[in-house]
Amino acid sequence: MQGAQQWTESNSRSFLDYGRYFVPERERQIDMIADLIPAAPRSLLVELCPGEGLLSQTLLERFPDSRLLALDGSDRMLEQTRATCRDHADRLNTATFELADRGWRSFSEPPHAFVSSLAIHHLDGRQKQILYADLAAALRPGGVLVVADIVRPPSASGLAIAARQWDEAVRSRSLAIDGDLAAFAEFNRLGWNYFRNPDGEPIDKPSSLAEQLAWLTEAGFSAVDCIWLFAGHAIFSGRKS
């Protein structure tokens, strides 16, 4: 990711190849995101930037009466999501979009939930504020927004801790899966650890956790909370009253 101005299909390929190593506590994150969505039969769920499709797959399995719309700017990611969710193809729709655009934020049916993992940090602060307000307006009452993303610690010591924890997580994952450090070496070669060089990655624009919780509240969400934080990655959510 070093020096990239925008996400490319090369980034998508790297993420698909190495996501299982690079995303801290990936399976646990997926379960927690699903746990934050209240049951609602025959509802519409929307995932922003599904990547490999593992979260989409979990949601389709966890909510067997619901339909899921997966939106991504990468054809490669959508192709992989369809492959991952092939057993639920009758309840999955996919479409290309640009996250920062506002044209896709109107729906014929109010969604019950929006979820997003490792995507919204590509928007700047103002774009995040607008996105959260638009999603709050689009949700049906009782619906939720659940975000899993990297967040920027406000201090140098916080950045150092996040960087060290992320390195340690990828190193441990590499050893656990393959018994060697090849994936960890690739993590370093690609410069994937944002917290090692936070001002050198134009593609990455994470805001602080405190800012984003405040923006959710300003957008009209209630029960705004962060339920998990590790290695500079957070899961936070809000509910539309």
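Residues numbered from 1 in each chain as written. Predicted model: local features only at pLDDT ≥ 70, side-chain atom pairs only at ≥ 80, totals over all residues. Heavy atoms only, no water.

Asks: Is there a simple way to think about the state of the cysteines in this case?
Replies: Every disulfide links exactly two cysteines, by a covalent bond between their sulfur atoms. Taken as a whole and assessed by the stated rule, the structure comprises zero disulfides. Cysteine Cys85 shares no disulfide, and the gap to the nearest cysteine sulfur, in Cys49, comes to 15 Å. (Disulfide = S-S within 2.5 Å.)

Asks: I tried to follow the environment of Glu52 on my own but got confused; where do I start?
Replies: Following the sequence through the fold, Glu52 ends up in the loop between strand E1 (44-48) and helix H3 (54-62). Taking the relative accessible area as the measure of exposure, Glu52 reaches 19% and is therefore buried. The spatial distance from the C-alpha of Glu52 to the C-alpha of His88 is 15 Å, given a sequence separation of 36 residues. If sequence neighbours within four positions are ignored, Glu52 has contacts with Leu16, Arg26, Met77, Gln80, Thr81 and Thr84. Reaching out from Glu52, the side chain makes a polar contact with the side chain of Arg26 at a distance of 3.0 Å. (Helix = DSSP H or I, 4+ residues; strand = E, 2+ residues; numbered from the N terminus. Buried < 20%, exposed > 50% of the residue type's maximum accessible area, 1.4 Å probe, protein only. Contact = heavy atoms within 4.5 Å. Polar contact = N/O pair within 3.5 Å; in protein donor to acceptor, adjacent residues only side chain to side chain.)

Asks: Please explain the packing of aromatic side chains as it appears in this structure.
Replies: For any pair of aromatic rings, the description consists of the separation of the ring centres together with the inter-plane angle of the planes. Per the stated rule, a full pass over the model turns up twelve aromatic pairs. Between the aromatic rings of Phe22 and Trp192, the centroid separation amounts to 5.3 Å while the plane-to-plane angle is 50 degrees, which identifies the pairing as tilted. Of this pair, Phe22 sits in helix H1 (residues 9-22) while Trp192 sits in the loop between helix H7 (182-189) and helix H8 (209-218); the two residues are 170 residues apart in sequence, bridging distant segments of the chain. By relative accessible area, Phe22 is classed as buried at 1%. Residue classification places Trp192 among the buried residues on the basis of a relative accessible area of 6%. Centroid distance Trp228 to Phe230: 6.4 Å. Interplanar angle 55 degrees. Geometry classified as tilted. (Phe/Tyr/Trp six-rings, centres within 6.5 Å; stacked < 30°, edge-to-face > 60°.)

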